Amino acid sequence: MNDFPRDDDLLARVATGDRAAFEAFYRRHAGWLGLRLRHRCADLTLVDDVVQETFLGIWRGGAGRYREQGDVTGWLWRIGSRRLVDALRKQSAKERLRQVLTRFRVTTPEPSAEDLVLRGVEHGDLAGAIGRLSPELRAVLQATVLDGLTTGEAAVLLGIPAGTVKTRAMRARKQLRQELA
């Protein structure tokens, strides 16, 4: 005598909310269903999602729809394959929508203010003007403007009082304004 319950018996128990029967049914069929679906779709994440959704649907009432006509594995395969087709259609629709929306987006976004400043630092007159600052003024400017540190943070980093940071920053801005005007 076989000690393993038949698939249709497991499904009948799953339909009544028997969690142990559901777990046994899942362990028995999830592996092969996933393997078969992987032959239809290369996206392993999508296949795993479809397997989970298939069994979740069975747990949430799908087991009661099995009418003992034909093989349980064929019934399960039809559910899983239909869910895969639905998921692929949904994924395809999302991709088409993304492509349409991409056409309406500006292809060359406006550069941010930070990008403009950094380009100027690297390539423009600003780079030369900063290079002509004394090392002390340049260090304060680097810390407060380019690195975005507060006066207190720059003071700790540079090992000087916060008042000195403020004074040097003021002198650096004044010298840059004179050179760039």
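For the structure itself, look to the data block above.
If you're wondering where the values come from, they're calculated on a predicted model, not measured in any experiment.

Thresholds applied
Residues numbered from 1 in each chain as written. Predicted model: local features only at pLDDT ≥ 70, side-chain atom pairs only at ≥ 80, totals over all residues. Heavy atoms only, no water. Helix = DSSP H or I, 4+ residues; strand = E, 2+ residues; numbered from the N terminus. Expected span 1.5 Å × (residues − 1). Buried < 20%, exposed > 50% of the residue type's maximum accessible area, 1.4 Å probe, protein only. Arc of directions from axis to C-beta. Polar contact = N/O pair within 3.5 Å; in protein donor to acceptor, adjacent residues only side chain to side chain. Axes fitted to C-alpha atoms, helices over the stretch in contact; angles between N-to-C directions. Parallel < 35°, antiparallel > 145°, perpendicular 65-115°, else oblique. Contact = heavy atoms within 4.5 Å. Nonpolar A, V, L, I, M, F, W, Y, C, P; charged D, E, K, R; others polar. Left-handed = near helix turned anticlockwise from the far one by under 90°.

A separate point is helix α3 (residues 44–59). Taking 1.5 Å per residue as the helical rise, α3 with its 16 residues ought to reach 22 Å, and the 23 Å between its terminal C-alpha atoms agrees with that figure. Those residues of α3 not exposed but buried are Leu 46, Val 47, Val 50, Val 51, Thr 54, Phe 55, Gly 57 and Ile 58. Looking down the long axis of α3, one finds its buried residues gathered within 165° of arc, a one-sided arrangement. The distance from a side-chain oxygen at the start of α3 to the backbone nitrogen of Thr 45 is 3.2 Å, and the residue carrying that oxygen is Asp 43. Gly 61, located one to two residues past α3, shows a positive phi value of around 130°.

Attention now moves to the packing of helix α7 (residues 135–146) against helix α9 (residues 162–180). Two measures define how a pair of helices packs: the angle their axes make with one another and the distance between the axes. Their axes nearest at 9 Å, the elements α7 and α9 cross at an angle of 100°. Here α7 lies roughly perpendicular to α9, going by the angle between them. Residues Glu 136, Leu 137, Val 140, Leu 141 and Thr 144 of α7 pack against Val 165, Arg 168, Ala 169, Arg 171, Ala 172, Gln 175 and Leu 176 of α9. Taken together, the residues of the contact of α7 with α9 break down into 7 nonpolar, 2 polar and 3 charged.

Below, the discussion takes up the side chain of Asp 7. On the secondary structure map, Asp 7 appears in helix α1 (residues 7–15). For Asp 7, a relative accessible area of 16% translates into the label buried. Here the side chain of Asp 7 touches Arg 28 through a polar contact of 2.7 Å, side chain to side chain. Sequence-distant contacts of Asp 7, defined by excluding residues within four places in its chain, comprise Phe 25, Arg 28, His 29, Val 72 and Thr 73.

With that settled, the discussion passes to the packing of α7 against helix α8 (residues 151–158). Running from N to C, α7 and α8 cross one another at 135°; their axes reach a closest spacing of 9 Å. One way to sum up the angle between α7 and α8 is to call them oblique. Here α7 runs over α8; the crossing is right-handed. For the pair α7 and α8, contact is made by Ala 139, Val 140, Ala 143 and Thr 144 and by Ala 154, Leu 157 and Leu 158, respectively. A breakdown of the residues in the contact of α7 with α8 according to their chemical character gives 6 nonpolar, 1 polar and no charged.

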